[in-house]
There are 2 protein chains.
Amino acid sequence: MSNGVALICGGGAFPIAAARAVFARGEQAFLLGLRGIASAEIEQFPHVWLGIGQLGRTFDEISARQIKRVCFIGGLKRPEFSDLRLDWGGVKRIPEIIRLLTGGDDHALKGVIKLFEGEGFDVVGVESFAPELLAGVGDMNKLALSADLAEDLVYAQKFLADLSAYDCGQAVVVANKRVIAVEAVEGTDAMLARVAELREKGRWRAKGPAGLLVKAPKHGQDLRVDLPAIGPDTIANAEKAVLRGIAVAAQGVLMLDRAGLAAQAERAGLFLHGFTEANVQ
Amino acid sequence: MSNGVALICGGGAFPIAAARAVFARGEQAFLLGLRGIASAEIEQFPHVWLGIGQLGRTFDEISARQIKRVCFIGGLKRPEFSDLRLDWGGVKRIPEIIRLLTGGDDHALKGVIKLFEGEGFDVVGVESFAPELLAGVGDMNKLALSADLAEDLVYAQKFLADLSAYDCGQAVVVANKRVIAVEAVEGTDAMLARVAELREKGRWRAKGPAGLLVKAPKHGQDLRVDLPAIGPDTIANAEKAVLRGIAVAAQGVLMLDRAGLAAQAERAGLFLHGFTEANVQ
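Residues numbered from 1 in each chain as written. Chains lettered and ligands numbered in written order. Predicted model: local features only at pLDDT ≥ 70, side-chain atom pairs only at ≥ 80, totals over all residues. Heavy atoms only, no water.

Undergrad: Quick rundown of the packing of helix α8 (residues 232-240) of chain B against helix α9 (residues 258-267) of chain B? Include the residues and the values.
TA: Packed helix pairs are specified by the crossing angle of their axes together with the interaxial distance, meaning the distance between the axes. All names here are of chain B. At a closest axis distance of 10 Å, the pairing of α8 and α9 adopts a crossing angle of 10°. Comparing their axes, α9 and α8 come out roughly parallel. Every residue of α9 that contacts α8 at P232, I235 and A236 is listed here: L261, Q264 and A265. For the contact of α8 with α9, a count of residues per class yields 5 nonpolar, 1 polar and no charged. (Axes fitted to C-alpha atoms, helices over the stretch in contact; angles between N-to-C directions. Helix = DSSP H or I, 4+ residues; strand = E, 2+ residues; numbered from the N terminus. Parallel < 35°, antiparallel > 145°, perpendicular 65-115°, else oblique. Contact = heavy atoms within 4.5 Å. Nonpolar A, V, L, I, M, F, W, Y, C, P; charged D, E, K, R; others polar.)

Undergrad: Just give me the short version of the environment of V185 of chain B, but keep the residues and values in it.
TA: All names here are of chain B. When you line up the elements, V185 lands in the loop between β8 (178-182) and α7 (188-200). Classification of V185 by relative accessible area gives buried; the value is 11%. With 17 residues separating them along the chain, V185 and C168 place their C-alpha atoms 7.4 Å apart. (Buried < 20%, exposed > 50% of the residue type's maximum accessible area, 1.4 Å probe, protein only.)

Undergrad: I'd like a rundown of the pairing of strand β4 (residues 69-73) of chain A, residues and numbers included.
TA: Residues and elements named next belong to chain A. Counting buried residues along β4, 5 of its 5 residues qualify, which places the element largely inside the surrounding structure. The alternating pattern of β4 places R69, C71 and I73 on one face and V70 and F72 on the opposite face, and all of these are buried. Examined bridge by bridge, strand β1 (residues 5-9) and β4 share 5 bridges and lie parallel to one another. Bridge assignment links L7 to a residue of β4, and that residue is C71. Sheet analysis places β4 next to strand β5 (residues 122-123), joined by 2 bridges and oriented parallel. Bridging across to β5, V70 finds its partner in V123. (Pairing = 2+ DSSP bridges.)

Undergrad: Can you break down a nonpolar patch on the surface residue by residue, with the values?
TA: Residues and elements named next belong to chain A. On the surface, a cluster of nonpolar side chains totalling about 220 Å² of accessible area is made up of I37, I52 and L76. Counting through the fold element by element, I37 comes out in the loop between β2 (29-34) and β3 (47-50). Residue I37 is classed as partly exposed on the basis of its relative accessible area of 33%. (Patch = residues over 30% accessible without salt bridge, like charges linked within 9 Å, V, L, I, M, F, W, Y side chains within 5 Å. Areas by Shrake-Rupley, 256 points an atom, 1.4 Å probe, with all protein chains shown as cover. Salt bridge = Lys/Arg side-chain N within 4 Å of Asp/Glu carboxyl O.)

Undergrad: Help me get a handle on the interface of chain B and chain A, residues and values and all.
TA: In this complex, chain B contributes 25 residues to the contact, which on the side of chain A involves 25 residues. With both sides pooled, the region where chain B packs onto chain A buries about 2300 Å², and carbon together with sulfur makes up 55% of that total. The tally of links between chain B and chain A comes to 2 salt bridges. Residues R194 of chain A and E186 of chain B are paired through a salt bridge, measuring 3.6 Å at the closest nitrogen-oxygen approach. Along the contact surface separating chain B from chain A lie 12 residue pairs in polar contact (both at pLDDT 80 or more). When the residues that make up the side of chain B that touches chain A are grouped by side-chain class, the tally is 13 nonpolar, 1 polar and 11 charged. (Buried area = accessible area lost by both parts, 1.4 Å probe. Polar contact = N/O pair within 3.5 Å; in protein donor to acceptor, adjacent residues only side chain to side chain.)

Now the structure itself:
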């Protein structure tokens, strides 16, 4: 029953990278692309296309291949109920689906996992088959996290942990134990653009590189779904905001090309550090 | 020794309104305008102009008039040490001043209060002589806070209370127990502009008026200095963000013209509510 892993593919390049990682290990992946969301590149692997409401067919396609492990990967906007075209397997589960769509994001994602587990599948995280797609531990380039910034990092970690009780952002910019910007619905890139603007306008006065971006999944978040990610834009925007570096939760933040991002950050004069909870007392 | 109150005047119209309120009560106010910051309108009242570093002279001017009560009022950006032109009374207190300038904003303000108390003055809040300049309790216009929004208000109050441990923003926009935007260094107006943009871009999808702005002083904040404020811009920006209303901490948020703001909000279809801590269990 352990014939590889079924990847339920949202948008972006992560599903492709994950499939590549699976096959590179000599294992099998079967990709289920969400129509209108997943990239056409999934077609280079064994795949099928599905509408987001075709729950029944999703279960059938995976079961038919004797696959037990299922992983959700790639970007997915929270659907409106009217966007769902439910198949019979979906219609039978309408009460559960309505419950999913009426809580916070966390609630919805946990519910989706339960739905799959209820069908006998093991829902797994990307770390179980492609850990290289997640942030590493410690300094990822030659620019080390300095002692003064380590204090800011601990401050930011505590801040994000306290915010975890709310279905809110997963990133913050901190400088000298001062919260410069907090991410909510706008996303990390928009938050970093705001920080750049605050510096230009003199609303945040700092000489030269200052402050750090800290990004992490929510405390208590199920790491099997909806992990935060950083990419080339994150680093370019952190450079524009003239930060000193970026710290991400080790094994808790997706990075498509870890070595490439570490090098890009280094060229921009930014450290790139993967922190663990051990830092916070 | 109770010859009225000394108003140490930062920028904006609040010092003028406060002085007017004092004289309207038949009491005396003496205004100490911070040069380059306070409005020239203070000159219609008994006043003196001072540089921000002239601590010694500040104490002397107040003492010479047998005034015991001192109130800080009006906007004041945190000065850089290099901006201060310390007089002898300031130079003598350099170690204390350096301590003030190296902590968070809260720390600095508490330190300034201590400095004045150390000289024998009573530092008082605006509520002690002009409570009409603060938010009232309950609905301030005809648009009442509805039951569903009352839940969001409690959620937002808890959120802001949890954020109080950090020297961070004092406002948040919440809709259906979802944090849409959090204020940090950018200020309330910029945060509301962001919310309007999130709606326009469809990043936050809501039909018609939705969400509320909640603004309050930090928990444990000394209400004698640096109270948050709302004004006509706050209401205009909340209207542009198509919110349902504004809730502020009763007696904890400055409002220059309470009746005028309540009417402006009502015309914009926004409720304006002053909440108390009693709402939060």
